[in-house]
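Observations on the model geometry
So you can see what is in the structure, the chains are spelled out below.
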Amino acid sequence: MIEAGNDFGPGTSYGSALIKVGQCEQRIGAIEKEFIASANHCFLSPLRKFLDGEMKTILKERGLLESKRLDLDACKSRVRKARSMLGQPPNAERDLRVAQSEYDRQAEITKLLLEGVNSSHASHLRSLHEFVDAQVTYYERCHHTMQQLKAEMQSLSGAPPASASSASFLHSSNHVGSQGGQGGPVTPPGATASPSGGQRARVLCDYDAKDQSELSLMTDEVITVFKIPESEDYLMGERGTQRGKVPAVFVEFLN
């Protein structure tokens, strides 16, 4: 956008607007990069460290515990089988005691690791709060940046001075009164009247004012228009305190 704006010319309304929007997009991109870095530092990195470290260790120890349980069950089965026979193999009871000891030891290790998850959850909860705060800051900065861009775009509208436009507006209004016997503009059928007596209309495409008697337009903005009896091609446009002539083909009345 900045390159295109320079090609069109920074001195033109469209070129200047392109440059402003491009610069705003650059600021938005920088804010987004800061948010991604902040989110990675305060939330994603601690979570990834937990999953790749503590969680893998817990899953490994749980797997060993399951293996020790299977060994213990096998030893118990052998002892029951030996007791049902007349002569007991001397190793059965000893293997059972060893398997029981190893299982109890592994169960204690797994229990301690699982108890440590609670403290990890508290730490991750703090990280989650920091992530939410970072996201709130990100959206606030983006909103502020876009509001600044909106104000700058409105300042680039190129509206004529209030004195010149007011004189033209009063001339057109007085002419309507003298021609039609009424003190205000004629309301086209189906048009929506504004509080000032004009009609609300939507701009169909951008228009750069050719001189101080005209009003620059931006696509999709809504302005107030007044009919100029002596001209079928132009309407009198009003945006706040800014007034000027606008081509009739560039706007459509709001129903």
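The preceding data block contains the structure.
The text that follows walks through the structure, step by step, so that each part is easy to find. Remember, it's a predicted structure, so these values are computed and weren't measured experimentally.

About the thresholds
Residues numbered from 1 in each chain as written. Predicted model: local features only at pLDDT ≥ 70, side-chain atom pairs only at ≥ 80, totals over all residues. Heavy atoms only, no water. Helix = DSSP H or I, 4+ residues; strand = E, 2+ residues; numbered from the N terminus. Contact = heavy atoms within 4.5 Å. Areas by Shrake-Rupley, 256 points an atom, 1.4 Å probe, with all protein chains shown as cover. Disulfide = S-S within 2.5 Å. Buried < 20%, exposed > 50% of the residue type's maximum accessible area, 1.4 Å probe, protein only. Phe/Tyr/Trp six-rings, centres within 6.5 Å; stacked < 30°, edge-to-face > 60°. Lys NZ or Arg CZ within 6 Å of the ring centre and 35° of its normal. Expected span 1.5 Å × (residues − 1). Bend = angle between axes of the 7 residues up to and from the residue. Polar contact = N/O pair within 3.5 Å; in protein donor to acceptor, adjacent residues only side chain to side chain. Salt bridge = Lys/Arg side-chain N within 4 Å of Asp/Glu carboxyl O. Patch = residues over 30% accessible without salt bridge, like charges linked within 9 Å, V, L, I, M, F, W, Y side chains within 5 Å. Axes fitted to C-alpha atoms, helices over the stretch in contact; angles between N-to-C directions. Parallel < 35°, antiparallel > 145°, perpendicular 65-115°, else oblique. Nonpolar A, V, L, I, M, F, W, Y, C, P; charged D, E, K, R; others polar.

Quick word on the overall build of the protein
Looking only at helices and strands, one finds five helices and six strands in the protein. Shown N-terminal to C-terminal, the secondary structure of the protein runs as helices and strands in the order α-α-α-α-α-β-β-β-β-β-β. A fraction of 57% describes how many contacts in the protein between residues 6 or more apart in sequence connect residues 24 or more apart. When the accessible surface of the protein is split by element, carbon and sulfur atoms take 55% of a total near 16,100 Å².

Regarding the state of the cysteines
For the structure on display, the rule yields zero disulfides. Free of any disulfide, Cys142 has its nearest neighbouring cysteine sulfur in Cys24, separated by 8.8 Å. You can call Cys142 buried: its relative accessible area is 11%.

Observations regarding unusual backbone geometry
A positive phi is found at Asp220, a non-glycine position, where the angle reads about 75 degrees. Mapped onto the elements of the fold, Asp220 is located in the loop between strand E2 (199-203) and strand E3 (222-227).

Section: the packing of aromatic side chains
Enumeration according to the criterion identifies five aromatic pairs in this entry. For the ring pair Tyr138 and Tyr139, a centre distance of 5.1 Å and an interplane angle of 55 degrees mean the geometry is tilted. Through a chain of ring-to-ring contacts, the aromatic side chains of Phe35, Phe43, Phe131, Tyr138 and Tyr139 assemble into a single cluster. If you follow Lys245 out to its NZ or CZ, it ends over the ring of Tyr234, 5.2 Å from the centre.

Here we look at the environment of Ser67
Among the secondary structure elements, Ser67 is positioned in helix H3 (residues 54-83). Judged by its relative accessible area of 35%, Ser67 is partly exposed. Between the C-alpha atom of Ser67 and that of Tyr103, which follows or precedes it by 36 residues, the distance is 8.7 Å.

What about helix H2 (residues 13-52)?
Given a rise of 1.5 Å per residue, 40 residues ought to cover 58 Å, and the 55 Å separating the end C-alpha atoms of H2 matches this to within 8%. Its maximal kink placed at Asn40, H2 deviates by approximately 45 degrees.

Observations regarding the environment of Cys24
Mapped onto the secondary structure, Cys24 falls in helix H2. Taking C-alpha positions, Cys24 is 6.7 Å from Leu149, a pair spaced 125 residues apart along the chain. With sequence-adjacent residues up to four places away left out, Cys24 is seen in contact with Thr145, Met146 and Leu149.

Focus: the side chain of Gln106
Here Gln106 shows up in helix H4 (residues 90-155). Relative accessible area serves as the criterion here: at 5%, Gln106 is assigned to the buried category. Within the structure, Gln106 has its side chain in polar contact with the side chain of Glu61 (distance 2.5 Å). The contact partners of Gln106, leaving out residues within four places of it in the chain, are Glu61, Leu64, Leu65 and Lys68.

Some thoughts on the pattern of salt bridges
Per the counting criterion, the structure on display carries nine salt bridges. For Arg69, the salt bridge identified is with Asp73, shortest N-O distance 3.0 Å. One end of the pair is Arg69 and the other is Asp73, both in helix H3 and four residues apart, which spans about a single turn. Of the residues examined, Asp73 reaches a relative accessible area of 33% and is grouped as partly exposed. In this structure, a network of salt bridges that share partners links the residues Glu66, Arg69 and Asp73.

Considerations on a nonpolar patch on the surface
Taken together, Leu125, Leu128, Val132 and Val136 make up a surface patch of nonpolar side chains, about 320 Å² in accessible area. Within the secondary structure layout, Leu125 lies in helix H4.

Some thoughts on the packing of H2 against H3
Viewed as axis vectors pointing N to C, H2 and H3 meet at an angle of 20 degrees, and their least axial separation amounts to 3 Å. Between H2 and H3, the angle is such that the two are roughly parallel. Each of Lys49, Phe50, Leu51 and Asp52 in H2 lies in contact with H3, whose residues at this interface are Glu54, Met55 and Lys56. Tallied by class, the residues present in the contact of H2 with H3 amount to three nonpolar, no polar and four charged.

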